[in-house]
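# Analysis of the macromolecular model
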Amino acid sequence: MSHPALHLTHFDLQGRALREMRAEGFETEFPPDAAVQLRQAASSAVADRSLRDLRDLMWSSIDNRESRDLDQIEVADRAANGSILLRIGIADVDSVIPEGSPIDRHAARNCCSVYAGGAVFPLLPEALSTDRTSLLEGQERAAVVIEMEINPSGSVVRSDIYRALTRNQARLAYEPVGDWLDGEAPIPERVAAVAGLEPQIRLQNEAALWLRDRRLAEGALEFESVEAKPVIEEGRITDLTVPRKNSARSIIENFMIAANTTMAKTLERRGVGSIQRIVRSPQRWPRIVEIAERYGDTLPADPDPLALSRFLAKRRLADPARFPDLSLSIVKLLGPGEYSVVSSSASHEGHFGLAVYSYTHSTAPNRRYADIIVQRAVKASMAGAPPPYTEPQLEQIAAHCTERENAARKVERFMRKVIAAVWLRDRIGETFDAIVTGAAPKGTYVRVVKTPVEGRVVRGEHGLDVGDHVHVRLIGADPERGFIDFEVAS
């Protein structure tokens, strides 16, 4: 849904995001000594003779069109036995940012990049994250490579992790690659221009499908989100768009899950304590059971990811147009993930949504501090050195990363409301179809179906619960406070 930009008066999105970041306790400026560190930083990592030289492989990256903080590159080869040898190269951020350095201390405070509408507050200075530690096309970069042999059943039958020298041969974007793989558009110019890249991407897609089928068979949950993304030109919102899930996004999603699972299992196997990503068994499972019953399905009384996965797959096929609404309800009821310290001997809950026991974050060190911590742990194990952190230190880092991630999510959610309020403030009195996304004593919230913006129901909300469909009328929109108020429409 689009409205001409000329009907929107100017609103300072950057300034509002800055104030919200500070209110949530983020450092919004890099300290002065970070600039000194940048000037003094050496490029010794690329010159490290211990790195395997893999520059000639057909590495490529797939990311958003506007992304320059490229964390990973991929390459696949067909093995003689029919398996696929997949390598994921992860930016070696640790080699440029020593532990305890000014930039590291800043990253340890903020813990993640924050994408606040039109404003981005990066974890690392852009001179690093969009240049020296970014796996840019045509540039030689040190990387931590996660190598996996995947058989046709989607199992990782062999894996290894090592450091290597790489070169990204082609920087690709989700939309053109996904449209091509899905048969909706011709081959992208960049893919056609690089000899050998077309069969390479098709082989990556084949590997991703193997991994995906295996994950679903084991009970992984597949969701589809409809999160509005603003199109901002010269500080003004000109449109709200919803990125579509496609085969290119599926490639990266499945590769990152496989890589993060392999990293977690490797550290466990080597007896190295580390931070893992945990999504606990949902406390609101009875409400998920109730939602399934609306569709004529029965789920077990106790949380069961495989049963839930099958229910979601059935609903996706039966009603793909409304599946994102169902996805949103289930995601809200599952609850957020958290970082937790896991040793090789300790038991833990694993990741309910991914249906895996061992899972970490390691594939986005330019954007998440937890990934840098994990990278340091695996590099120390490769070198035969002692672990870089004690268990009490890891527990403190994990708790802080979880808290900062929650704060970042609050900022990003608030700025989505600010943007939506700017977008909607000329539409007071209009009625919308919506789905309930939150129901608690602090308030009841809904998301509009056609234009996925979220607001609070301030009249007629009693009796509503997560997953309910309702007609609401817009009665208020305040961009400064990020307030969008609805009433239930009879």
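A short tour of the structure in this document, coming up. Computed from a predicted model, the values in this text were never measured in an experiment.

Rules and cut-offs
- Residues numbered from 1 in each chain as written.
- Predicted model: local features only at pLDDT ≥ 70, side-chain atom pairs only at ≥ 80, totals over all residues.
- Heavy atoms only, no water.
- Pairing = 2+ DSSP bridges.
- Helix = DSSP H or I, 4+ residues; strand = E, 2+ residues; numbered from the N terminus.
- Axes fitted to C-alpha atoms, helices over the stretch in contact; angles between N-to-C directions.
- Contact = heavy atoms within 4.5 Å.
- Buried < 20%, exposed > 50% of the residue type's maximum accessible area, 1.4 Å probe, protein only.
- Phe/Tyr/Trp six-rings, centres within 6.5 Å; stacked < 30°, edge-to-face > 60°.
- Lys NZ or Arg CZ within 6 Å of the ring centre and 35° of its normal.
- Parallel < 35°, antiparallel > 145°, perpendicular 65-115°, else oblique.
- Left-handed = near helix turned anticlockwise from the far one by under 90°.
- Salt bridge = Lys/Arg side-chain N within 4 Å of Asp/Glu carboxyl O.
- Core = buried A, V, L, I, M, F, W, Y, C linked by side-chain atoms within 4.5 Å.

### What to know about the sheet that holds strand β14 (residues 431-440)
Taking strand neighbours around the barrel as the criterion, the 5 strands line up as β14-β15-β16-β18-β17 in a closed arrangement whose pairing is mixed. Across this sheet, the average inter-strand angle for adjacent strands is 55°, counted without regard to direction. Note that strand β16 (residues 454-459) and strand β18 (residues 483-488) share 3 bridges and pair parallel. Bridge pairing links Arg-459 to Glu-487 in β18. The strands that helix α14 (residues 391-424) touches are β14, β15 (443-448), β16, β17 (469-478) and β18; relative to β18, the one it contacts most, it runs at about 70°.

### Quick word on the pairing of strand β7 (residues 140-150)
Side-chain positions along a regular strand alternate between the two faces of the sheet. Buried residues dominate β7, accounting for 10 of its 11 residues. Pairing between strand β4 (residues 84-91) and β7: 8 bridges, direction antiparallel. Looking at the pairing, Ile-84 lines up with Ile-150 of β7. The antiparallel hairpin formed by β7 and strand β8 (residues 156-167) contains 5 residues in its connecting segment, where Gly-154 sits at a positive phi of about 90°.

### A look at the packing of aromatic side chains
Inspection of every chain in the model, using the stated rule, returns 2 aromatic pairs. With centroids separated by 6.3 Å and ring planes inclined at 80°, the aromatic side chains of Phe-432 and Phe-486 adopt a geometry described as edge-to-face. Here Phe-432, found in strand β14, pairs with Phe-486, found in strand β18; they are 54 residues apart in sequence, far enough to count as distant. The buried category is assigned to Phe-486, whose relative accessible area is 0%. Its guanidinium or amino end placed over the ring of Tyr-162, Arg-52 lies 3.6 Å from that ring's centre, counting from NZ or CZ.

### What to know about the packing of helix α11 (residues 305-318) against helix α12 (residues 323-334)
The axes of two packed helices give the description: the angle between them and the distance between them. Where α11 meets α12, the closest approach of the two axes is 9 Å, and the angle between their N-to-C directions is 160°. The pairing of α11 with α12 is recorded here as roughly antiparallel in orientation. You can see that α11 and α12 cross each other, and the crossing is right-handed. Taking contact as the criterion, the partners of Leu-308, Phe-311, Leu-312, Arg-315 and Arg-316 in α11 are, on α12, Phe-323, Leu-326, Ile-330 and Leu-334.

### Focus: the pattern of salt bridges
Should their charged atoms come close, side chains of opposite charge can pair. Counting across every chain of the model gives 47 salt bridges. In this structure, Arg-87 engages Glu-147 in a salt bridge whose closest nitrogen and oxygen atoms are separated by 3.2 Å. Within this pair, whereas Arg-87 is found in strand β4, its partner Glu-147 is found in strand β7, the two being separated by 60 residues in sequence. Note on accessibility: Arg-87 and Glu-147 belong to one class, buried. The partner of Glu-487 in a salt bridge is Arg-459, and the shortest N-O contact between them spans 3.0 Å. One end of the pair, Glu-487, is in strand β18; the other, Arg-459, is in strand β16, and 28 residues separate them in sequence. On the basis of relative accessibility, which here comes to 48%, the residue Arg-459 falls in the partly exposed class.

### Looking at the nonpolar core
Counting 39 residues, the largest nonpolar core has Ile-88, Met-148, Leu-172, Val-177 and Phe-255 as its most contacted members. Mapped by element, the contributors of at least two residues to this core are β4, β7, β9 (170-173), α6 (174-181), α8 (197-217), α9 (247-269) and α13 (369-383). The element contributing the most residues to this core is α9, with 9 residues. Beyond its immediate stretch of four places on either side in the chain, Val-177 contacts Ile-62, Leu-172, Pro-188, Val-191, Ile-201 and Ala-248. Counting 36 residues, the second-largest nonpolar core is a separate cluster that includes Phe-26, Val-422, Trp-423 and Val-448.

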